[in-house]
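Understanding the architecture of this molecule
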Amino acid sequence: MGDTLVPLIFMSDGTHLSNFAGDKKEWPVYMTIGNLSSKIRQMPSAHTVVMVALLPIPIKNRNIPQKRLDEQRQTNREVLNEVLRRVLQPLTFKLNPSAESGYYNVLCADGNFRRCKPVLAAWLADCPEYSDLHHLERHVCFWCECPKNELGDYVPSDKQHPRRDHNLYRTLSDANTKAADAELSSRHVHRGFNVFRHIPCIVSDLPKPDLLHTMQIGMLDHLQKWIFHFMKTHERLDKYNAIWLSVPAYHDLTPKNKSYEEVSQWNGKEMKEMSRYLLGVVTQSLRGGSPAQRPIFNRAIECTRALLEFYMYARYKSHDDATLSYMEDALRRFHTFKDVFLLGRAGKKAKAKANALRTELVKKRKVDEETNAETWTPSKKRREMNAWRDYISHEIDVSKELDADFNFPKIHLMSHWVEQIRRYGALQQYSAERHEQAHKTNLKDGWNASNHNLNYLPQVITFQRRILCFEIRELNLQALAQRRENSAAACKVLPSGADLAAPLGSQSYAKPEFMGPQNRRDGKHPDAMIKDFRALLDNTQDATHRVAIYSGTREFIKHKSRNKTYISDEQLHAMELCIYHGIKVQVEGLDGERISQMCRCTGSQSWRGGDRRNDWVWVKQRPGRCYGALNGRLPWQLQRLFKIKLLNEDGAFVEYWLALALTTIPENSGNLDPVSKFVQVRKAPAAVALQVFSVGNIVGCAHVIPEIATSTKTGDGRNERWIVNSHIDLATWNDVYN
């Protein structure tokens, strides 16, 4: 038998337990193994991540001399490395003579012993923790030796800076000479013992790309702040906030009730959700403008689109040379257009310098005004003051641009991602979201169950172990029950000639499921009281909708019966009917998996105590109509979902599930906009603006961004144009871009 390699993946991240009981904070270290599939590792219920240690929290240093501060920081690094040395001692083979070259006989879950060799393969953390763990200075790259003043420059994946050589750092640190210390300082490395340099691994390969810290709460957070400053500078902030609040719902996206500036803190999940409609909101907010503003607005849209496309490519579960080239091109375009947001990068020093310049220029303006007070006429004074105002504003912007830059680590780390994907595969397997979730079950639940005194850690650990044992036991029982069911199925005797597997059906999509009106606390829902077609017409307040339902239903029945069935008005009004508030359809995801999408339609009724909710859906059109990038589909907005029961000419009852929708037609033949890469649609002509059709033509949920901000999420009739939001999910984005 051969040996088994066990790649060890460690994760560390500090977390706050409470801000009200002594500012409790912990720094846990978690571990999992790479032998498990990434899908299993990311499941919290599988308990594939275990807590192995709690690292010491450095004391807070405030108002102390710089020399003493440096000494304290060096002490903190030494203490941290001593703790890590004890945790990782089994991997330092020279320090553990009981292990034969690092091999161990391990009892596996199937009851067999295997000769395993654990290897440190990855360590997941955020940028500041990587600096502490690897003895690096803050605000540097942990993969290469890029100078701090070049972090904001575009570096192609095939022209990277020299990789970090931790063996060289170990040699220089052990030399303990002034020349060696100077060399370490030039490479932004601290002197001293580092445990990772004594473990048989490539230290510079331990960090892995992190979608959570680098993109979601990193670059996307920066981008949102830049956009906010840009909108404020160009007096588009009110429109931006209004369109933000007008973003309609999607099957897994709820409408927003707060603008960006009203939210005090954004977490990774919210940033991930925001990235799905951010480009559409920016595009609609910057629509129009003067000829001088248009090029600037286009650069802002291009920069936003490039970064969001890079993030979407990074979320792919598999890659090839084509997707990696697209990803590299998106990064190149982002660096090309990012200067449009340079004013948003002005830091505290740049703002302080600009404020000092403003004070000086205001004094000069007052002197000029006092000097010419007797000679200036009122109109002349007004012109001069306007000229001074424009001059001061221009000088302030120039001052901020000269002192602003993009030299921060996270913008540079993206240049390494293509290379990391080529070497280690898709980035989803290294997501930090898993150990962020582990904080709750391993620490925060135990903290909430403890008495919050000074000796709370033993209580937290005991609580965590007890809960973990029960949950692992439950998983084992479920696995044993499943094994017994599989054994019984395997032992079942099949009749002669029976096939071992039934052939797959030809139907690729499951039959849609419908959701009826939900009962209210004060009684039954009004839509549930509608039992016939006349009641539906009587309860439809909008006259246009009432006419469309009547004529559309009659036309649909005529078409279905091929003009064989005639229904009088009395028969039509007495026809049995049922109202629905949602339809669940099966769609195909990016990787071919089946995904259920719930499309909601409450008509004129409220949804969950708020505004009415009438979602947008993709409606399949007649063969031969392509509509450019929309691939034979159009986004329509549901207005009503109902089922009718019809007595046909044979005397049998036939049921039809129908929908009333607001229809759209594509502009520019459905071709993509050259800047935003969105397709724009407009409201169909009045004669066909509302149509009744079979719900069988609904092939999934759609999402659009309105051109005009509305008071309700479903629109108030003022919107005539929308852009089709292809960024709403990866499958839609892939379909529209083809």
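The present account deals with the structure reproduced in this document. All residue numbers refer to position in the chain's written sequence, counted from 1. In keeping with the predicted nature of the model, local features appear solely for residues at pLDDT of at least 70, side-chain atom pairs appear and are counted solely at 80 or more, and the whole-chain, interface and lining totals rest on all residues. Hydrogens are left out, water is left out, and the side-chain values use all remaining heavy atoms of the structure.

Turning to the overall build of the protein, a few remarks are in order. Runs of H or I in DSSP of at least four residues are treated as helices and runs of E of at least two as strands, each being numbered from the N terminus. A tally of helices and strands in the protein yields 21 helices and 19 strands. If you line up the protein on its principal axes, its C-alpha atoms span 110 × 100 × 55 Å. Whether two residues are in contact is decided by their heavy atoms, any of which lying within 4.5 Å being enough. If you take every contact in the protein between residues at least 6 apart in sequence, the share linking residues at least 24 apart comes to 67%. Per-residue accessibility takes into account occlusion by the displayed protein chains alone, with areas from the Shrake-Rupley method and a 1.4 Å probe. Accessible surface for the protein amounts to roughly 39100 Å². Of this, 51% is attributable to carbon and sulfur atoms. We treat Lys and Arg as the positive residues and Asp and Glu as the negative residues; His and chain ends play no part in the count. Each charge is placed at NZ for Lys, CZ for Arg, CG for Asp and CD for Glu. Distance between charge centroids for the protein: 2 Å, based on 104 positive and 84 negative side chains.

What follows deals with the pairing of strand 6 (residues 113-124). Pairing between strands requires that DSSP locate at least two bridges from one strand to the other. As defined by bridge partners, strand 1 (residues 4-12) adjoins strand 6 across 8 bridges and the pair is classed as parallel. Note on strand 6: the bridge partner recorded for Thr4 is Cys116. Between strand 5 (residues 104-107) and the antiparallel strand that follows it, strand 6, lie 5 residues; Gly111 among them carries a positive phi value of about 90°.

What follows deals with the pattern of salt bridges. What counts as a salt bridge is simple: a side-chain nitrogen of Lys or Arg found within 4 Å of a carboxyl oxygen of Asp or Glu. Counted according to the given criterion, the structure contains 30 salt bridges. One salt bridge in this structure joins Lys256 and Glu273, with 2.2 Å as the shortest N-O distance. Highlighted residues: Lys256 in the loop between helix 7 (237-245) and helix 8 (268-274) and Glu273 in helix 8, separated in sequence by 17 residues. Exposure is judged per residue with a 1.4 Å probe applied to protein chains only, and the accessible area is read against the type maximum: over 50% gives exposed, under 20% gives buried, and values in between give partly exposed. Overall, the relative accessible area of 17% leaves Lys256 in the buried class. Owing to a relative accessible area of 21%, Glu273 belongs among the partly exposed residues under this scheme. Arg423 is paired through a salt bridge with Glu419; the nearest N and O atoms lie 4.0 Å apart. Separated by 4 residues within a single helix, Arg423 and Glu419 lie in helix 15 (residues 417-424), roughly one turn from each other. Residue classification places Arg423 among the partly exposed positions, given a relative accessible area of 38%. Looking at Glu419, the relative accessible area reads 23%, which means it is partly exposed. A network of salt bridges, in which partner residues are shared, links Glu302, Arg305, Glu309, Asp329, Arg332 and Arg333.

Quick look at the sheet that holds strand 9 (residues 582-588) now. The 3 strands are arranged 7-9-10 in an open sheet whose pairing can be described as antiparallel. The sheet is open, and its two edges are formed by strand 7 (513-515) and strand 10 (594-600), each paired on a single side. Here the strands of the sheet are splayed against their neighbours by 30° on average, with no regard to which way each runs. Of the strand pairs in this sheet, strand 9 and strand 10 are connected by 7 bridges, and their pairing is antiparallel. In the strand pairing of strand 10, Gln586 is matched with Ser596. Lines fitted to the C-alpha atoms define the axes, with helices restricted to the stretch that makes contact. Angles between their N-to-C directions range from 0 to 180 degrees.

Next up on the list: the packing of helix 7 against helix 9 (residues 278-285). The geometry of a pair of packed helices is captured by two quantities: the angle between their axes and the separation between those axes. Their axes nearest at 9 Å, the elements helix 7 and helix 9 cross at an angle of 135°. With respect to each other, helix 7 and helix 9 are oriented oblique. For the pair helix 7 and helix 9, the crossing hand works out as right-handed. Mapping the contact onto sequence places Lys239, Tyr240, Ile243 and Trp244 in helix 7 and Leu278, Val281, Val282, Gln284 and Ser285 in helix 9. Polarity classes work like this: nonpolar for Ala, Val, Leu, Ile, Met, Phe, Trp, Tyr, Cys and Pro, charged for Asp, Glu, Lys and Arg, and polar for all others, with Gly in that last group. Its residues assigned to classes, the contact of helix 7 with helix 9 comprises 6 nonpolar, 2 polar and 1 charged. Working rule for angles: under 35 degrees goes down as roughly parallel, over 145 as roughly antiparallel, 65 to 115 as roughly perpendicular, anything else as oblique. In this scheme, a crossing is called left-handed if the near helix is turned counterclockwise away from the far one by less than a right angle; it is called right-handed if the turn is clockwise.

The next thing to look at is the environment of Gln216. Here Gln216 is to be found in helix 6 (residues 211-233). Between the C-alpha atoms of Gln216 and Glu273, which are 57 residues apart in sequence, the distance is 9.5 Å. Among all residues touching Gln216, those that are not within four sequence positions of it are Leu211, Asp221, Gly268, Lys269, Met271, Lys272, Tyr311 and Glu433. Pairs of N or O atoms are called polar contacts if they sit within 3.5 Å, as long as, within protein, a hydrogen donor faces a hydrogen acceptor (for residues adjacent in sequence, only side-chain-to-side-chain pairs). In terms of polar contacts, Gln216 uses its side chain to reach the side chain of Glu433, at 3.4 Å.

Further remarks concern the nonpolar core. Nine residue types can take part in a nonpolar core, namely buried Ala, Val, Leu, Ile, Met, Phe, Trp, Tyr and Cys, and a core is a set of them joined through side-chain atoms within 4.5 Å. Ranked by size, the top nonpolar core spans 158 residues in total, and within it Trp123, Phe196 and Phe334 carry the most contacts. Take this core: its biggest share by element is 12 residues, from helix 10 (residues 294-314). Once you skip the residues sitting within four places of it in the chain, Phe196 turns out to touch Leu84, Leu88, Leu120, Trp123, Leu133, His134, Cys201, Val203 and Leu206. In terms of nonpolar packing, the next biggest core, distinct from the first, is built from 14 residues, Tyr30, Met51, Leu443 and Tyr456 among them.

What follows deals with unusual backbone geometry. You will see that His188, though not glycine, has its phi angle at about 60°, which is positive. With respect to the element layout, His188 can be found in the loop between helix 5 (178-186) and helix 6. A relative accessible area of 19% places His188 in the buried class. Although it is not a glycine, His452 sits at a positive phi angle of roughly 65°. Mapped onto the secondary structure, His452 falls in the loop between helix 16 (433-449) and helix 17 (457-491).

As summarised here, the arrangement of the 4 strands in space is 14-15-19-18, forming an open sheet in which the pairing is antiparallel. Each edge of the sheet is formed by a strand with only one pairing partner; in this case those strands are strand 14 (664-666) and strand 18 (704-706). Going across the sheet, the axis of each strand differs from the next one's by a mean of 35°, ignoring polarity. Note: strand 18 against strand 19 (residues 721-724), 3 bridges, orientation antiparallel. Across the sheet, residue Val704 finds its bridge partner in strand 19, namely Val724.

In this scheme Phe, Tyr and Trp rings, the latter by its six-membered ring, pair at centre separations within 6.5 Å, and the angle between planes marks the pair as stacked below 30 degrees, edge-to-face above 60, and tilted otherwise. If you walk through the whole model with that rule in mind, you get 24 aromatic pairs. Between Phe230 and Phe341, the ring centres sit 5.6 Å apart and the planes meet at 85°, which makes this aromatic pair edge-to-face. Taken together, the residues span a long stretch of sequence, with Phe230 in helix 6 and Phe341 in the loop between helix 11 (321-337) and helix 12 (348-371) at a distance of 111 residues. Relative accessible area serves as the criterion here: at 5%, Phe230 is assigned to the buried category. We count a charge as sitting over a ring when the NZ of a lysine or the CZ of an arginine lies within 6 Å of the ring centre and within 35 degrees of the ring normal. Looking at Arg613, its charged tip hangs above the ring of Trp607, at a distance of 4.5 Å from the centre. The ring of Trp618 has Arg633 sitting right over it, with the charged end atom 4.2 Å from the ring centre.

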